[in-house]
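Letter by letter, the chains look like this.
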Amino acid sequence: MPDYAITFACYNQVGYTRQCVDSLVRHGYDLGRVVAVDNGSSDETRDYLQALPLGGRILNRQNLGCGVAWNQGVLAFQSEWTVVMNNDVLVSAGWLESLIGAAQARGVKVVSPALVEGALDYDFDAFALQSSTRMREVARMGARHAVCMCVHRSVWEQVGYFQATPSLWGYEDTLFFNTLEQAGIGTAMVGASWLHHYGSITVSAMKQERGLSAREGLSARNNYRLLGKSTLQRKWHKMLRRRQEQRWRAEELARFGQTLHGERRDGQFIWR
């Protein structure tokens, strides 16, 4: 097993955190390599975390947002590869070894697994085993996502960490990925590793707690200026990205009848 650490942030939603941890244990991952960062939960989250044999637990007195929490977790347990992920995910057998192996095989320093989002109304373990076998060699080069990213330590050394500004709310990942692009650091989303993601439960709860209204969300678009791109440049890059995603989708559907990004909707898979 490679040298690794796993970190996630919590804000209430103890039921999802419990399912995430249970899936790690069920598939043989060492909780001594897991760092949980709690952002001021008021439910049973802290009692639950205190009872676990974790590699680290950080209990913030208040909700400091994703960027701060991710940085705290990354720095608390420094390893060659660090997984930064949501707490509302389920892992599958061999997901981490396959994730790191795919990154090494493709020469990328940030890698994300394939995923299905939405209701857990299907046999995820069986699905993940079948899909990771069939799509083991599939990779969306240049893709990545903040549901789960595995980052090599050289990335922190080269470009630093996440922006630790609570008011960014959900934009920390966009800024980080933009920095990776500017630095020429390769990324990929790979079919050798799969997660189930319930759907950004904790991020939504943290936003609600901070009172991030629709109006505030619109004004938060001022964060775009932090990308150092003009409006035209952003729209152009967005169009290129969507076209690439359409090509990936078409190619994967043609070969496998599925893609690296699925949703469960009304008991069916919707492929993106």
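Our subject is the structure that appears above.
Cut-offs applied
Residues numbered from 1 in each chain as written. Predicted model: local features only at pLDDT ≥ 70, side-chain atom pairs only at ≥ 80, totals over all residues. Heavy atoms only, no water. Phe/Tyr/Trp six-rings, centres within 6.5 Å; stacked < 30°, edge-to-face > 60°. Lys NZ or Arg CZ within 6 Å of the ring centre and 35° of its normal. Disulfide = S-S within 2.5 Å. Buried < 20%, exposed > 50% of the residue type's maximum accessible area, 1.4 Å probe, protein only. Helix = DSSP H or I, 4+ residues; strand = E, 2+ residues; numbered from the N terminus. Pairing = 2+ DSSP bridges.

### Some details on the packing of aromatic side chains
- As enumerated under the stated definition, the model contains 15 aromatic pairs in all.
- One Lys or Arg, Arg264, reaches over the ring of Phe269 and ends 4.2 Å from the middle of that ring.

### Topic: the state of the cysteines
- In the structure shown here, the tally under the stated rule is zero disulfides.
- You can see Cys66 has no disulfide; the closest cysteine sulfur is in Cys10, sitting 11 Å from it.
- When its relative accessible area of 4% is taken as the criterion, Cys66 is described as buried.
- Summary of cysteine pairing: Cys150 is not part of a disulfide, and the nearest cysteine sulfur, belonging to Cys148, is at 7.2 Å.

### Observations regarding the pairing of strand S4 (residues 81-85)
- By the criterion of burial, S4 is predominantly enclosed, with five of the five residues buried.
- Burial along S4 is two-sided: Trp81, Val83 and Met85 and Thr82 and Val84, pointing in opposite directions, are all buried.
- Pairing of strand S1 (residues 4-10) with S4 involves five bridges; the strand directions are parallel. Bridge pairing links Ile6 to Val83 in S4.
- Pairing between S4 and strand S8 (residues 148-152): five bridges, direction antiparallel. The partner of Val83 across the bridge, within S8, is Cys150.

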